[in-house]
Amino acid sequence: MEFNEYQTKARSTAIYPAEFSVIYPTLGLAGESGEVCEKIKKWLRDEGGKVISEERVNDLKKEIGDILWYVANLSYDLGFDLDEIAQQNIDKLFSRKERNVLNGDGDNR
């Protein structure tokens with residue numbers, strides 16, 4: 001599936017008041033990201049960071065899917081399509097790689 005196709009399909013399932021566009025998906029993104037962090041934390045606590053169980057992998061996959069849904073809808077609310085965001089991000093990363101500045105600090109390196 002292409003990013004823009006996913007975004008269109010995700011948008012068709014978005015149910016939140018228009019006056020809360022941007023805010024609603026931003027809060028959802030923060031919440032779902034926290035859920036991924038919690039699952040990783042519990043894996044470290046319960047299994048010492050050893051081999052991750054198939055059940056945990058599947059749970060993480062679902063949570064990451066929820067993150068993608070919020071990213072798709074936040075992007076839509078801001079007027080971006082996911083293909084555009086993905087391309088811009090890859091361009092930035094490859095530019096940093098070519099300039100040997102993948103490591104380091106700062107957004108504009």
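Our subject is the structure listed above.
Residues numbered from 1 in each chain as written. Predicted model: local features only at pLDDT ≥ 70, side-chain atom pairs only at ≥ 80, totals over all residues. Heavy atoms only, no water.

As for the overall build of the chain
Then step 1. Looking only at helices and strands, the chain has four helices and zero strands in total.
Then step 2. Its C-alpha atoms give the chain a radius of gyration of 17 Å, clearly above 13 Å, the size a compact globule of 109 residues would have.
Then step 3. Burial analysis of the chain (109 residues in total) assigns 18% to the buried set.
Then step 4. Looking at the chain alone, contacts between residues at least 24 apart form 64% of all its contacts between residues at least 6 apart.
Then step 5. For the chain, the computed accessible surface area is about 7900 Å², with 57% contributed by carbon and sulfur atoms.
Then step 6. Taking the 15 positively charged and 21 negatively charged side chains of the chain as two groups, their mean positions are separated by 6 Å. (Helix = DSSP H or I, 4+ residues; strand = E, 2+ residues; numbered from the N terminus. Rg over C-alpha atoms; globule rule 2.2 N^0.38 Å. Buried < 20%, exposed > 50% of the residue type's maximum accessible area, 1.4 Å probe, protein only. Contact = heavy atoms within 4.5 Å. Areas by Shrake-Rupley, 256 points an atom, 1.4 Å probe, with all protein chains shown as cover. Lys, Arg positive; Asp, Glu negative; His and termini not counted. Charge placed at Lys NZ, Arg CZ, Asp CG, Glu CD.)

Regarding a nonpolar patch on the surface
Then step 1. A cluster of nonpolar side chains, namely Phe20, Ile23, Tyr24 and Leu27, defines an oily patch on the protein surface of about 410 Å² accessible area.
Then step 2. Its location among the elements puts Ile23 in helix H2 (residues 23-47).
Then step 3. Overall, the relative accessible area of 48% leaves Ile23 in the partly exposed class. (Patch = residues over 30% accessible without salt bridge, like charges linked within 9 Å, V, L, I, M, F, W, Y side chains within 5 Å. Salt bridge = Lys/Arg side-chain N within 4 Å of Asp/Glu carboxyl O.)

Remarks on H2
Then step 1. Its 25 residues give H2 an end-to-end C-alpha distance of 36 Å, which sits within 8% of 36 Å, the value for a rise of 1.5 Å per residue.
Then step 2. Here the buried face of H2 lies against helix H3 (54-78). (Expected span 1.5 Å × (residues − 1).)

Section: the packing of helix H1 (residues 3-11) against H3
Then step 1. Running from amino to carboxyl end, H1 crosses H3 at an angle of 90°, the nearest separation of the two axes being 9 Å. Put simply, H1 runs roughly perpendicular to H3. Seen from H1, the contacting residues are Tyr6, Gln7, Ala10 and Arg11; seen from H3, they are Gly65, Leu68, Trp69, Ala72, Asn73, Ser75, Tyr76 and Asp77.
Then step 2. Split into classes, the residues belonging to the contact of H1 with H3 amount to six nonpolar, four polar and two charged. (Axes fitted to C-alpha atoms, helices over the stretch in contact; angles between N-to-C directions. Parallel < 35°, antiparallel > 145°, perpendicular 65-115°, else oblique. Nonpolar A, V, L, I, M, F, W, Y, C, P; charged D, E, K, R; others polar.)

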